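Chain by chain, the residues:
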Amino acid sequence: MLEMFIFETNQNLEQLEQITIQSEKNGAFSGEEINDIFRIMHTIKGSSAMMEALEVTALAHAVEDIFFYVREKKPEKLDCSILTDLVLNAADFIKTEIDKMEAGEKTDAIAADLIESTSAFLLQLKQINGEQPAKITLPVKPKPIQASTQKLSSYIDLDEPVNVFQAKITYKDHCEMENIRAYTLINNVKGIVGELHYLPDNILEDDESANIIRKNGFNICFTTSKEYDEISVLLNRTIFLKELELEQLTDVTECSYWPKKEMLPKKALPEQIIAKGEEREINHPSMISVNVTKLDILMDLVGELVISEAMVTENPDLQGLDLDNFYKAARQLKKISTELQDGVMSIRMVPLSGTFQKMNRIVRDMSKKLNKQAELVLVGEETEVDKNVIEHISDPLMHLIRNSLDHGIELPEDRKKAGKNPVGKITLEAKNAGNEVIINIVDDGQGLNKEKILKKAKENQLLYKNESDFTDKEIYSFIFSPGLSTNEKVTEFSGRGVGMDVVMKNINAVGGNIIVNSEPGKGSMITLKIPLTLAIITGMTIKVGQSRYTIPIMSIRESFKPSLDNILVDPNGNEMIMVRGKCYSIMRLHQLYNIVGAVTDFNDGIMIMIETEKTTIGLFADQLIGQQQIVVKPIPAYIKNISKTQGVTGCTLLGDGNISLILDAVGIVNRV
């Protein structure tokens, strides 16, 4: 139940945030949006009460009251901006408590201030729209019971004498949610009672039960081994208790609403009661929820199948044999395994819309705090990537959006002076490109300051060649260096030199690249190139001596047979190659990994140009073996502990049984 509650509540909160922010952009809440928000808060109220998260319940009820009033009365005067703040603040509080539940921590935050401001807004809303409601005095939350207080949670010993009690609980005026409070009371006594009955008996199924309790009180009758004084102490702890009538009976027959056994319905125990709220039975025969762990296991099995298939069809023992029927069957097996692989990968694919929509909240909140005006435009949010990839790029996207708004977008008055629209524009765009996804973050702000970045890079001793030799692209890449910030003072959002280096680290972790472009006064564009999935990628396998290496296709710009006419050597002995008028460093892989028996003559080998966000270099190898789908396996920890693995991101098993190391373009460039 807890797992389902957390999952559904998080989904509802995401939907709530999207609806609320869109309503603020439109300047009003539509009838459909009001109904949606009311439904969401009603659902959260009921389910959180079931899970005994009473602060969440009370806050959700307070917000629900506002939208009930707005839905029924349709007030003409409604400050959407203030209402949006109230809803988002409530959503933040609930999300924090849900995160605590998920982490197994105690949900101990107090929502009294939020409830008070929400209730005050509703009171003011009624007044400015011509109503004069009675002044509501908000109840003060009682102090928590000290740990030393005697607990009454022991279960009944059937050998002990059974006592029968009847009680009537009356709650304080205006405490609201009497039915939810009655449910909490039932949960408090369930550990010490035997048989229990109460009126009204539909406290969670029917919201009207709150009015009945408000009018007639909440009546309970139960059997227990506890004595009168103990029961009195327990029931008097009831929050918002106005009056308690407690009576000990000699027999259950003295209770007017104790049912006869033959008439007794099969009543669910309190812990089995499920808040129905506005739930309806809906059949979705074509949709099921699957645990991600199961999908991970399935993906691993498909990966092993791909490897096993390659080991069978490329077995060296088959060389030279005339096996037409075998190869015909092998081609059919290849077709089926490829379709199976594509099918499993598609199951793991989720749209970027959820991640993209979260950025609306960041732009909204930061714009208010920085006194800037900005709009976020989302393009291609339906683009799908592997769920594991999304988990790695969510934080980087947040940092990049914050950076665009903090560093890029100017203040409204400055934009007017520059002849720009006072409202800045940030575009977040995603699109597919083969086996990778390209995400662009574009702003129409002031652009990056090359001189300031270069100065900071020099101060941090990051320059690796003469200042005049750096291209614009190389200068811009310094913004991803740890500890580098161009802000003169530390603010809530930037100035500490952290954030952008985290972006680089996370994107590199999924085998992606970052490219930065900027034009002074016009804006900036940061491009992320990330793989569709982390489990199976397309790679180019190369040979160096007797060793095999695989380079992800997305890191390769081109490959060709080098000509000696284009090879240069500087005074320090560093080799470079000229490609279409530009000079690039060369890394001989056999020298990098101390491989004996490799090709050393440029005329006999192959040059592979690999590209990162920093620069492009040429890798010299013996030959290209071919492009293929590879199953990525991590480097074993014991190897990492005894050997430097910079430039290697993982390994894969080839069809002939040999191991191929997967090269990391970023790591190799850093070594150069």
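Residues numbered from 1 in each chain as written. Predicted model: local features only at pLDDT ≥ 70, side-chain atom pairs only at ≥ 80, totals over all residues. Heavy atoms only, no water.

Re the pattern of salt bridges
Item 1. Scanning the entire structure with this criterion turns up 29 salt bridges.
Item 2. In this structure, the salt-bridge partner of Arg361 is Glu17, at a minimum N-O distance of 2.9 Å. Of this pair, Arg361 sits in helix α11 (residues 353-370) while Glu17 sits in helix α1 (residues 2-26), and the two are 344 residues apart along the sequence. A single burial state applies to Arg361 and to Glu17, both of which are buried.
Item 3. One salt bridge connects Lys387 with Glu391, and the closest N-O pair in it is separated by 3.0 Å. With a gap of 4 residues between them, Lys387 and Glu391 both fall in helix α12 (residues 387-408), about one helical turn apart.
Item 4. Beyond isolated ion pairs, a larger network of salt bridges with shared partners links Glu17, Glu24, Asp85, Asp92, Arg361, Arg364, Asp365 and Lys368. (Salt bridge = Lys/Arg side-chain N within 4 Å of Asp/Glu carboxyl O. Helix = DSSP H or I, 4+ residues; strand = E, 2+ residues; numbered from the N terminus. Buried < 20%, exposed > 50% of the residue type's maximum accessible area, 1.4 Å probe, protein only.)

A few points about the state of the cysteines
Item 1. For the coordinates displayed, the defined rule picks out 0 disulfides.
Item 2. Note on Cys221: no disulfide assigned, nearest cysteine sulfur contributed by Cys255 at a separation of 3.3 Å. (Disulfide = S-S within 2.5 Å.)

Some words on the nonpolar core
The nonpolar side chains of a soluble globular protein tend to be buried with one another.
Item 1. Core analysis: the largest hydrophobic core is formed by 68 residues, its most contacted members being Phe67, Phe218 and Ile220.
Item 2. Apart from residues no more than four positions distant in its own chain, Phe218 is found in contact with Ala167, Lys168, Ile169, Ala182, Leu185, Ile186, Tyr198, Leu199, Pro200, Ile203 and Ile213.
Item 3. Leu352, Leu376, Val385 and Ile514 belong to the second largest nonpolar core, which has 55 residues in total. (Core = buried A, V, L, I, M, F, W, Y, C linked by side-chain atoms within 4.5 Å. Contact = heavy atoms within 4.5 Å.)

A look at the side chain of Lys100
Item 1. Structurally, Lys100 can be placed in helix α4 (residues 80-102).
Item 2. Lys100 gets classed as buried once you look at its relative accessible area, which sits at 16%.
Item 3. In contact with Lys100, not counting residues within four places along its chain, are Glu105, Lys106, Thr107, Asp108 and Ala109.

Points about the pairing of strand β12 (residues 536-544)
Item 1. Of all 9 residues making up β12, 8 are buried, and the element is well covered by its neighbours.
Item 2. Sheet topology note: the β12/strand β20 (residues 623-631) ladder contains 8 bridges and is antiparallel. Considered in β20, the bridge of Lys543 is made with Gln623.
Item 3. Sheet analysis places β12 next to strand β13 (residues 547-552), joined by 6 bridges and oriented antiparallel. Within β13, the position partnered with Thr541 by the bridge is Thr550.
Item 4. What sits between the antiparallel neighbours β12 and β13 is a turn of 2 residues, in which Gly545 has the positive phi angle 65°. (Pairing = 2+ DSSP bridges.)

Section: unusual backbone geometry
Item 1. Cis geometry marks the peptide bond from Leu199 to Pro200; its omega dihedral reads -5°.
Item 2. Tracing the sequence through the fold places Pro200 in the loop between β2 (193-199) and α7 (209-216).
Item 3. Although it is not a glycine, Arg580 sits at a positive phi angle of roughly 50°.
Item 4. Tracing the backbone through its elements, the reader meets Arg580 in the loop between β16 (575-579) and β17 (582-588).
Item 5. Given a relative accessible area of 67%, Arg580 falls into the exposed group.
Item 6. One non-glycine residue with positive phi stands out, namely Asn594, at about 55°.
Item 7. Among the residues examined, Asn594 registers a relative accessible area of 67% and is labelled exposed.

Concerning the sheet that holds β20
Item 1. A sheet is described by the order of its strands in space; here 5 strands give the open sequence β20-β12-β13-β22-β21, paired in mixed fashion. Strand pairing shows two members of the sheet lacking a second neighbour, β20 and β21 (648-653), which therefore form its edges. Across the sheet, the mean angle from the axis of one strand to that of its neighbour is 35°, orientation sign disregarded.
Item 2. Where β13 and strand β22 (residues 659-663) come together, 3 bridges link them in parallel fashion. Looking at the pairing, Tyr549 lines up with Leu661 of β22. (Axes fitted to C-alpha atoms, helices over the stretch in contact; angles between N-to-C directions.)

A short note on the packing of helix α2 (residues 31-50) against helix α3 (residues 54-73)
In a pair of packed helices, the angle between the axes and the distance between the axes together describe the arrangement.
Item 1. In contact at an axis separation of 8 Å, α2 and α3 are set at 155° when each is read in the N-to-C sense. The orientation of α2 relative to α3 falls into the category roughly antiparallel. Pair α2 / α3 crosses with left-handed handedness. Residue-level inspection shows Ile34, Asn35, Ile37, Phe38, Met41, His42, Ile44, Lys45, Ser48 and Ala49 of α2 in contact with α3, the latter providing Val56, Thr57, Ala60, His61, Val63, Glu64, Phe67, Phe68, Val70 and Arg71.
Item 2. Of the residues contributing to the contact of α2 with α3, the split by class is 12 nonpolar, 5 polar and 3 charged. (Parallel < 35°, antiparallel > 145°, perpendicular 65-115°, else oblique. Left-handed = near helix turned anticlockwise from the far one by under 90°. Nonpolar A, V, L, I, M, F, W, Y, C, P; charged D, E, K, R; others polar.)

Some details on helix α14 (residues 450-459)
Item 1. Those residues of α14 that fall on the buried side of the exposure criterion are Ile453, Leu454 and Ala457. Relative to the axis of α14, the buried residues are bounded by an arc of 95° and lie together on one face. For α14, exposure combined with an orientation more than 90 degrees from the buried face picks out Glu451, Lys455 and Lys458.
Item 2. Where the residues of α14 are buried, they touch α15 (472-476).
Item 3. A positive backbone phi angle near 55° is found at Gln461, which sits one or two residues after α14. (Arc of directions from axis to C-beta.)

A few points about the sheet that holds strand β19 (residues 616-621)
Item 1. Overall, mixed pairing links the 6 strands, which are arranged β14-β18-β19-β17-β16-β15 in an open sheet. Edge positions in the sheet fall to β14 (556-560) and β15 (567-569), since each of these pairs with one other strand and no more. Sheet twist, expressed as the mean angle between neighbouring strand axes with direction ignored, is 35°.
Item 2. With 4 bridges connecting them, β14 and strand β18 (residues 606-611) associate as antiparallel partners. Note that in β18 the partner of Phe560 across the bridge is Met607.

Digging into the confidence of the model for the chain
Item 1. On average, residues of the chain carry a pLDDT of 82, and 88% of them reach 70 or more.
Item 2. Contacts of residues 133-159 to residues separated by more than four positions or lying in other chains number 33 contacts, the stretch itself having pLDDT below 50.
Item 3. Confidence drops under pLDDT 50 across residues 261-278; counting only partners more than four residues distant or on other chains, this segment forms 27 contacts. (pLDDT = per-residue confidence, 0-100.)

A few points about the packing of aromatic side chains
Item 1. Scanning the model with the defined rule gives 9 aromatic pairs in all.
Item 2. Ring centres of Tyr549 and Tyr593 lie 5.5 Å apart, and the angle between their planes is 20°; this geometry places the pair in the stacked category. Of this pair, Tyr549 sits in strand β13 while Tyr593 sits in the loop between α17 (589-592) and β18, placing them 44 residues apart in sequence.
Item 3. We classify Tyr549 as buried; its relative accessible area is 5%. (Phe/Tyr/Trp six-rings, centres within 6.5 Å; stacked < 30°, edge-to-face > 60°.)

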